[in-house]
Amino acid sequence: MLRSLFPALLVCVVCCSAAMSLSAQTVYDAKLPPDRFAVGAGFSNFALDWGHGRRMDGITAWADYHPGIQARLLQNLGIEIEGREIDFARPSSLSRMRQETILGGPTYRFRPWHGLHPYAKYLLGIGGIYFPGDTYNHDTRTVYAPGGGVDYRAGNRFTVRVDYEYQFWHALFGPHDLNPNGVTAGVLYRF
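The structure presented is a predicted model; accordingly, all values stated were derived computationally and were not measured.

Novice: What exactly am I supposed to notice about the pattern of salt bridges here?
Specialist: Pairing is possible between side chains that carry opposite charge, provided their charged atoms lie close to one another. Across all of its chains, the model carries 16 salt bridges by this definition. Where Arg161 meets Asp64, a salt bridge forms, and the shortest distance between an N and an O atom there is 2.5 Å. In this pair, Arg161 is assigned in strand S7 (residues 158-166) and Asp64 in strand S2 (residues 55-66), connecting sequence segments 97 residues apart. Accessibility assignment for this pair places Arg161 and Asp64 in one class, buried. The closest approach of N and O atoms between Arg84 and Glu165, which form a salt bridge, is 2.8 Å. Here Arg84 is found in strand S3 (residues 77-88), whereas its partner Glu165 is found in strand S7, with 81 residues between them in sequence. One exposure class covers both Arg84 and Glu165, and it is buried. Connected through shared salt-bridge partners, Asp64, Glu80, Glu82, Arg84, Arg109, Lys121, Asp151, Arg161, Asp163, Glu165 and Arg190 make up one network.

Rendered as structure tokens:
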């Protein structure tokens, strides 16, 4: 009886062995890209959308994480968190103007081109605005911010970034959205 089960047992062992080799790792651990985490800061120049031609300057801080997922569709996805304060070069007619945002969301990195690494992002968060007024001079809103930019690796650990962002502060004053937008240039340090 044992001899009659031997061929079936042999076939079962061969099939299981073949299946186990198919689930083996395709890339050695040493060759996988490391998790990419970066922090940085930059100088911002934003159009306030508070009257024609009014712009202010500010500072921005970034924290980016790109896990290096091996699935082809997901490998270029990342997460960005940014904080921005627009508080400098204030127009004289807007003595109390200031805008602050804390945003986070997904980023997508496109294929590099001549050393430039373009990306797109869609961030969501909260924003506070201080404006001229006697009793009502501050408001807080949910902010949506699509944008994009370009990174350029300037060494082993440093990356230079130019970033554009268009913000939506929904129904800040009546039915109209406030849409500040601007450019930030800065440097990131990669860990």
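Back to the text.
Novice: Would you mind going over the nonpolar core with me for this structure?
Specialist: What tends to happen in soluble globular proteins is that the nonpolar side chains get buried as a cluster. With 16 residues, the main nonpolar core has Leu48, Trp50, Met97, Ile129 and Leu178 as its most contacted residues. Contributions of two or more residues to this core are made by strand S5 (116-130), strand S6 (138-153) and strand S8 (168-173). Not counting the four nearest positions on each side in its chain, Leu48 is found in contact with Arg54, Arg55, Met56, Ile86, Leu94, Met97, Gln99, Leu178 and Pro180.

Novice: Just to check I follow, could you spell out the environment of Gly133 for this structure?
Specialist: Inspection of the secondary structure assignment puts Gly133 in the loop between S5 and S6. Under the relative-accessibility criterion, Gly133 is labelled partly exposed at 23%. The spacing of Gly133 and Leu94 is 39 residues in sequence and 9.9 Å in space, taken between C-alpha atoms.

Novice: Help me understand the pairing of strand S10 (residues 181-190) in this model?
Specialist: Here is the key point about a regular strand: its side chains alternate between the two faces of the sheet. As judged from the 10 bridges shared by strand S1 (residues 36-47) and S10, these two strands associate in the antiparallel manner. Bridge pairing in S10 places Val39 opposite Tyr189. As paired elements, S7 and S10 share 9 bridges and run antiparallel to each other. Bridge pairing in S10 places Phe158 opposite Tyr189.

Novice: How should a nonpolar patch on the surface be read in this particular structure?
Specialist: On the surface, a cluster of nonpolar side chains totalling about 970 Å² of accessible area is made up of Phe37, Val39, Tyr65, Ile79, Ile81, Tyr152, Phe158, Val160, Val187, Tyr189 and Phe191. Of all the elements in the fold, those that place two or more residues in the nonpolar patch are S1, S3, S7 and S10. Turning to its location among the elements, Ile79 is positioned in strand S3.

Novice: Looking at this structure, how should I read the environment of Asp49?
Specialist: Within the secondary structure layout, Asp49 lies in the loop between S1 and S2. The class for Asp49 is partly exposed, based on a relative accessible area of 38%. When the C-alpha positions of Asp49 and Asn181 are compared, they lie 7.9 Å apart, and in sequence the two are 132 residues distant. When neighbours within four sequence positions are excluded, Asp49 is seen to be in contact with Asp177, Leu178, Asn179 and Pro180. Separated by 2.6 Å, the side chain of Asp49 and the backbone nitrogen of Asn179 make a polar contact.

Novice: How do you make sense of the side chain of Asp57 when you look at a structure like this?
Specialist: Mapped onto the secondary structure, Asp57 falls in strand S2. No salt bridge is formed by the buried Asp57; its nearest oppositely charged neighbour, Arg55, is found at 6.5 Å. Ignoring any residue separated from it by four or fewer positions in sequence, one finds Asp57 in contact with Phe43, Ser44, Asn45, Glu85, Ile86, Asp87, Phe88 and Ala89.

Novice: Would you take a moment to explain the environment of His138 for this structure?
Specialist: Residue placement: His138 occurs in strand S6. Residues His138 and Arg96, 42 residues apart in the sequence, show an inter-C-alpha distance of 9.6 Å.

What counts, and where the lines are drawn
- Residues numbered from 1 in each chain as written.
- Predicted model: local features only at pLDDT ≥ 70, side-chain atom pairs only at ≥ 80, totals over all residues.
- Heavy atoms only, no water.
- Salt bridge = Lys/Arg side-chain N within 4 Å of Asp/Glu carboxyl O.
- Helix = DSSP H or I, 4+ residues; strand = E, 2+ residues; numbered from the N terminus.
- Buried < 20%, exposed > 50% of the residue type's maximum accessible area, 1.4 Å probe, protein only.
- Core = buried A, V, L, I, M, F, W, Y, C linked by side-chain atoms within 4.5 Å.
- Contact = heavy atoms within 4.5 Å.
- Pairing = 2+ DSSP bridges.
- Patch = residues over 30% accessible without salt bridge, like charges linked within 9 Å, V, L, I, M, F, W, Y side chains within 5 Å.
- Areas by Shrake-Rupley, 256 points an atom, 1.4 Å probe, with all protein chains shown as cover.
- Polar contact = N/O pair within 3.5 Å; in protein donor to acceptor, adjacent residues only side chain to side chain.
- Lys, Arg positive; Asp, Glu negative; His and termini not counted.

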